[in-house]
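Now for the letters of each chain:
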Amino acid sequence: RLLQAESDYALPALFNLAEAYRKQHKVAEARDTWQRCLVIDPANAEAHMRLAEAFWELRDFEAAERHFRKASTLAPGDLDAHLNAAAAARMNRNYGFAALAMQRALAVEQTRTDIWNQAADVMLTIYRQDQELERLAEAVFAWRQSLKLDPDQPAIRERIDTYAPLVEELDEPTTFGQPTN
């Protein structure tokens, strides 16, 4: 019981300490403190998010991706966790996971053009890398979804005009942007 009581008080105290370090721009100290939080509660999604942010500031993108991934797994309804996981994965050229994270973000929020456009950009990157027309079809689909939300996006319309003819023979993706496991 005593250990549990100590951790009940320690975790909020460490959160506060880590935030104080962050506000003082002592990122390495904040990182170390967030790591201490995870020793107490390894399943704390917020601590994983904050630790990942510290790693990002320290330009350790692999560690940032690892902790953003963990946060997105622990908090599947947290849009920021998915978007941050996708961004970190892109920095690490881990485009497969970036696509999955964007799918998860779209499962949480489908009414923002920026999310559809980011998803499309990830799929376009995969297409350019692997020449998989299915990924290009998903990019075109995502851009079209974005245009449905806001038709006043000339750059997106231009991308559709450029890439849609390449995939017109393919069926339109039916599961892109739908909930994933």
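The sections below set out a description of the structure shown in this document. (Residues numbered from 1 in each chain as written. Predicted model: local features only at pLDDT ≥ 70, side-chain atom pairs only at ≥ 80, totals over all residues. Heavy atoms only, no water.)

1. Structural notes on helix α3 (residues 45-57)
Part 1 of the argument: With 13 residues, α3 ought to run about 18 Å at 1.5 Å a step, and its terminal C-alpha atoms sit 18 Å apart, in line with that.
Part 2 of the argument: Between a side-chain oxygen at the N-terminus of α3 and the backbone nitrogen of Glu46 the separation is 3.1 Å; the capping residue is Asn44.
Part 3 of the argument: Positioned one or two residues after α3, Arg59 has a phi angle of 65 degrees, which is positive. (Helix = DSSP H or I, 4+ residues; strand = E, 2+ residues; numbered from the N terminus. Expected span 1.5 Å × (residues − 1). Polar contact = N/O pair within 3.5 Å; in protein donor to acceptor, adjacent residues only side chain to side chain.)

2. Re the nonpolar core
Part 1 of the argument: Core analysis: the biggest nonpolar cluster contains 55 residues, and Trp34, Trp143 and Phe176 have the highest contact counts within it.
Part 2 of the argument: The greatest single-element share of this core, amounting to nine residues, is contributed by helix α7 (residues 113-130).
Part 3 of the argument: Residues contacting Trp34, with those up to four places away along its chain left out, are Phe15, Ala18, Glu19, Ala47, Arg50 and Leu51. (Core = buried A, V, L, I, M, F, W, Y, C linked by side-chain atoms within 4.5 Å. Buried < 20%, exposed > 50% of the residue type's maximum accessible area, 1.4 Å probe, protein only. Contact = heavy atoms within 4.5 Å.)

3. A few points about the packing of helix α2 (residues 27-40) against α3
The geometry of a pair of packed helices is captured by two quantities: the angle between their axes and the separation between those axes.
Part 1 of the argument: Two numbers describe how α2 lies on α3: the axes approach to 9 Å, and their chain directions differ by 155 degrees. With respect to their mutual orientation, α2 and α3 come out roughly antiparallel. The handedness of the crossing between α2 and α3 comes out as left-handed. When α2 is examined against α3, the residues Val27, Arg31, Trp34, Gln35, Cys37 and Leu38 are found in contact with a partner set consisting of Ala47, His48, Arg50, Leu51, Ala54, Phe55 and Glu57.
Part 2 of the argument: Considering only residue class, the contact of α2 with α3 consists of eight nonpolar, two polar and three charged. (Axes fitted to C-alpha atoms, helices over the stretch in contact; angles between N-to-C directions. Parallel < 35°, antiparallel > 145°, perpendicular 65-115°, else oblique. Left-handed = near helix turned anticlockwise from the far one by under 90°. Nonpolar A, V, L, I, M, F, W, Y, C, P; charged D, E, K, R; others polar.)

4. Remarks on unusual backbone geometry
Part 1 of the argument: Backbone geometry at Arg93 places phi at a positive 60 degrees, although glycine is not the residue there.
Part 2 of the argument: With respect to the helices, strands and loops of the structure, Arg93 is situated in the loop between α5 (79-91) and α6 (95-108).
Part 3 of the argument: The phi dihedral of Gln131 is positive, around 60 degrees, even though this residue is not glycine.
Part 4 of the argument: For Gln131, the position within the fold is in the loop between α7 and α8 (133-149).

5. A word on the environment of Ile40
Part 1 of the argument: On the secondary structure map, Ile40 appears in helix α2.
Part 2 of the argument: Using a relative accessible area of 34% as the deciding quantity, one classes Ile40 as partly exposed.
Part 3 of the argument: As for Ile40 and Ala88, which are separated by 48 residues in sequence, their C-alpha atoms are 25 Å apart.

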